[in-house]
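Residues per chain are reported as follows:
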Amino acid sequence: MKNKILLLFSIIYTSTVYGQQAKPYHSAYDDSTLRLTGPQTLMPYNRLIQSAGKVITYGNPQLENHSLDLAVLPGKKEIAVEDRYGIAILDVKSQQIKYQWAFGDDTAYRGMMSTYSGIKCFSYNESTYITWGASGRSSKSAIMIAEVDKSGIKNVTSVQCKTVSTAAFALPNEIVVQFESGIPYLYVVLNGNDQLLKIRFTDKQLIWTAPTGVAPFGLRIIQNKAYVTNWAGPVVTDTNKESAGVPWGLAYTNPVTGATAQGSLSIIDIQTGSHLNELQLGLHPNAIINSPDNRYLYISNANSDYVSVVNVQQERVTDSINVGLFSKYYAYYGSSPNALLIDSAGTKLYVANGMDNALCVVHLGNSVSSGGTGKTGIQGYIPTEAYPSGIVLLDHHLYITNLEATGARVLSFAGNDFKDIKYPGTPLINGYTIHKQLASVSIIPVPGEGELSAYTEKVKKLSLFYRIALTNQPPVKNAAPQPVPGRIGEPSVFKHVVYIIKENKTYDQVFGDIQAGNGNNGLCIYGDSVTPNQHKLVTDFSLMDNYYASGKSSAEGHQWADAAMVSDYIEKSVRAWFRSYPHRQEDALVYNKNGFIWNNALDHGKKVRIYGEACLTGYDKKLKWIDIYNKYMQQQTLDLKNTSTIARIRPIISETYPDCDNFIFTDQLRADIFIKEFKNFEQQQGDSLPDLMILSLPDDHTSGTSPGFPVPKAMVADNDLAVGRIIDVITHSRFWDSTVVFITEDDSQSGWDHISSYRTTGLIISPYSVMNKTIHTNYNQTSMVRTMEQILGLPPMNVIDATALPMFDCFTNKKTNYVYNYIKNNIPLNEMNKPLAQLKGKAAYFAKLSVNSAFKELDGGQDDLMNRILWFDAKGLKPYPAKF
């Protein structure tokens, strides 16, 4: 069958899907789900999206919009929607967005964003109010209060939340409005301060502040008690238990994965603010809801895939309800329940399963509900758009915020930013860039039994549920070794996997000049003259022109690349990153229940070595890039020392290999350290090489045009040369016959692509790789992780890599004798950006912005600005793919 290229167009987005017939030796698998025609949208992590009901899409197309939560306004004719940039009012009758208010429209609140969830509406003294939490620059946190009437959203004010000394942000999140003696009081969870506040609404007077557990999230009040869920569990008091850092403190952690080890529920007296009790919950407890009669509390545990049931009178957890789409049938975690709704009868619970892109509908039985009958059980699932995060029920309709909607699919139409400059004959190029995304709300009539059954089947198909049966097939006895075994546990010809993670490039940015692939040369700024090694490698081996990053930034990208999944903490933080920007894996709240590919390998007896990933490098911060480069060239010793917040991997990280956050080190230093260790392994007897080696090579990110750093093309060339040198050494070694190298970007956020904002570069290099061919099969980062697991005989870690398609089409059973000789760089690696004093016009403007935006650290500045700087540096005043 010939490769199929199916373009699914709409006004807002374009998604491209390819398919290719499976090879005979892996005929048990197919990628037919990736060749679907019709209205489904393919997300870059093995999930198809098609919401039931109607979808309302809105937002500024120049921004990355995310709808977070919602609440019904008094009168029940309108719904307030909390999104990352403000609030919107949805008219129930017309099913349209009626009013919007954005932080950026008010000078007092510019730079602020809504927090994770928790919008509330109430009436008082003939006025209607909306309140929600927000945080922004300079550690500013506030409880936002707005009025709404027939004229729209007005009189937006705020109550400032003081930050405690140990926190960077107070982070108000969930809010409960409680009327006491006719006066409204605001009870507010401060996620950053680890506190609960009580504020009198009439005069904004603080009544009391109460301590909670670590990173409190959800809140409910029953009678005289407040119940607060704690994302990271109780405050650490037992020093004999494993603990690690979360911003801004400590949490109990799992010694195997480094992830938080428990969640908790704080119970607080609302009259005095005194702490009454603490109950242990599952992992990452977030949303909490009470039964209509207040006898039960239901709490979703995102990292455990179940809902905890708390008996209020007994103050204990009495049951748990498993809501995962896959976990009922298979031992795979990863549905991420993160929002709840209960019907007025108290017998039906709706659970927003973020990674299933669906609502789970639960019948509450007599053991967990006063009005329930029979046993508790799942009735079915309802498809939404990506990552449902908030639910309300009104007039027999479900309203759901979809945090990821359909992903970053806004097409930017070309325009010349520089109107005084004319380039006759220069084409204007439309393209995609990763931080342009619209928000969405699904409106779904409550389904009957038959419709729910059909919806459930649809959710399974969209989630590739039936691939799990193939994933779980037992290995064939005495199976012959294959490059990628057809079944987990069968032998591979490979014994060693080298995994290289680079930083932030699109496919078109690097490979758009290659005619054999589906590229756009007009968007290529680092072509074969800058990246000769990567161009040579994809020409000699295989060019994947349909390979995608699964996330939108390095904070997400390193989770997808290392764990093939992101947690609810990541999703709730996207674009705001209040507590941490966790690309270096230094925040225990970030990690998924089952951790990363390295602990998966360690758990199954594999030898692992980590170079620069998940670690922090200590060095003399007085040194500049050129100082370190000169020391490197003169072979002087650099005093480098690595550590990790994950205790288990400290013995297996290279102590001197610079981490992924530091562009102040040339990638040649990184290549030297790896090559030296690799040659030492080669000199040892036997098969001494680790089974899995993970390397960070970050310098293709560049530092923009920051003075004191090399020009962008020099940093990309530095990265390319490091790749070439590493491949050269591996292919000339005695381990080459049994080694496969996987190379990916962590994300695609620093450039443009004419097919998809998620499309990026991926390389697979081995003696059994397909040679001299373009591979059109749809693959992504989770496919790459799954392929490494398949080769090493590791089970999948979660539902995402369990449904990923192994990269069979990139391999052949025919061994090649090919060896690679690296190509020297065409650009001096120490070609430096000019000092500000030597620059004028746009060059000076962008250089100043590079300095001010701190482009010396990974994603330290504004992403759109970085894109413009890189474009200007490479193409001068030629038309940029989007207007200012």
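Please refer to the structure placed before this passage.
All of the points below concern the structure found in this document. On a predicted model such as this, the values are computed, not experimentally measured, just so you know.

### Some remarks on the packing of helix 5 (residues 554–563) against helix 11 (residues 781–792)
For any two helices packed against each other, the geometry is given by the interaxial angle and the distance between the axes.
Item 1. Contact geometry of helix 5 with helix 11 gives a least axis separation of 7 Å together with a crossing angle of 30°. The pairing of helix 5 with helix 11 is recorded here as roughly parallel in orientation. Contact residues: Gly-557, Trp-560 and Ala-561 in helix 5; Gln-781, Thr-782 and Val-785 in helix 11.
Item 2. Grouping the constituent residues of the contact of helix 5 with helix 11 by class yields three nonpolar, three polar and no charged.

### Observations concerning the nonpolar core
Item 1. The biggest cluster of nonpolar side chains holds 107 residues, and the ones touching the most others in it are Tyr-298, Leu-349, Tyr-499, Trp-598 and Phe-742.
Item 2. No other element matches the five residues that helix 11 contributes to this core.
Item 3. Here Phe-742 is in contact with Val-497, Val-498, Tyr-499, Ile-500, Leu-763, Ile-764, Met-784, Thr-787, Met-788, Ile-791 and Phe-811, once residues within four sequence places are set aside.
Item 4. Among the nonpolar cores identified, the runner-up in size contains 66 residues, and Ile-429, Phe-665, Ile-675 and Ala-714 belong to it.

### Examining the sheet that holds strand 32 (residues 377–383)
Item 1. Here four strands make up an open sheet; going across it, the order is 29-30-31-32 and the pairing antiparallel. Two strands close off the open sheet at either side, each with one partner strand: strand 29 (337–342) and strand 32. Neighbour-to-neighbour, the strand axes of this sheet turn through a mean angle of 25°, independent of strand direction.
Item 2. Bridge analysis of strand 30 (residues 348–353) against strand 31 (residues 358–363) gives six bridges, and the strand direction is antiparallel. By the bridge assignment, Leu-349 is partnered in strand 31 with Val-362.
Item 3. Contacting strand 31 and strand 32, helix 1 (residues 449–462) runs over the sheet at an angle of about 70° to strand 32.

### Concerning helix 1
Item 1. Taking 1.5 Å of rise per residue, the 14 residues of helix 1 would be expected to cover 20 Å, and the 20 Å separating its terminal C-alpha atoms lies within 8% of that figure.
Item 2. Looking only at helix 1, the buried set comprises Leu-452, Tyr-455, Thr-456, Val-459, Lys-460 and Leu-462. Along the axis of helix 1, the buried residues cluster in a sector spanning 165°; they form a single face. Exposed residues on helix 1 whose side chains face more than 90 degrees from its buried face are Gly-450 and Lys-461.
Item 3. Buried residues along helix 1 sit in contact with strand 4 (47–49), strand 31, strand 32 and strand 35 (439–445).
Item 4. Positive backbone phi, approximately 55°, marks Leu-464, located one or two places after helix 1.

### Brief notes about the pairing of strand 7 (residues 78–83)
Item 1. Counting buried residues in strand 7 gives six out of six residues, a clear majority hidden from the surface.
Item 2. Neither face of strand 7 is open: one carries Glu-78, Ala-80 and Glu-82, the other Ile-79, Val-81 and Asp-83, and all of them are buried.
Item 3. Note that strand 6 (residues 67–72) and strand 7 share five bridges and pair antiparallel. Bridging from a neighbouring strand, Ala-71 pairs with Ala-80 of strand 7.
Item 4. Where strand 7 and strand 8 (residues 86–91) come together, six bridges link them in antiparallel fashion. From the neighbouring strand, Val-81 faces strand 8, where its bridge partner is Ala-88.

Calculation notes
Residues numbered from 1 in each chain as written. Predicted model: local features only at pLDDT ≥ 70, side-chain atom pairs only at ≥ 80, totals over all residues. Heavy atoms only, no water. Axes fitted to C-alpha atoms, helices over the stretch in contact; angles between N-to-C directions. Helix = DSSP H or I, 4+ residues; strand = E, 2+ residues; numbered from the N terminus. Parallel < 35°, antiparallel > 145°, perpendicular 65-115°, else oblique. Contact = heavy atoms within 4.5 Å. Nonpolar A, V, L, I, M, F, W, Y, C, P; charged D, E, K, R; others polar. Core = buried A, V, L, I, M, F, W, Y, C linked by side-chain atoms within 4.5 Å. Buried < 20%, exposed > 50% of the residue type's maximum accessible area, 1.4 Å probe, protein only. Pairing = 2+ DSSP bridges. Expected span 1.5 Å × (residues − 1). Arc of directions from axis to C-beta.

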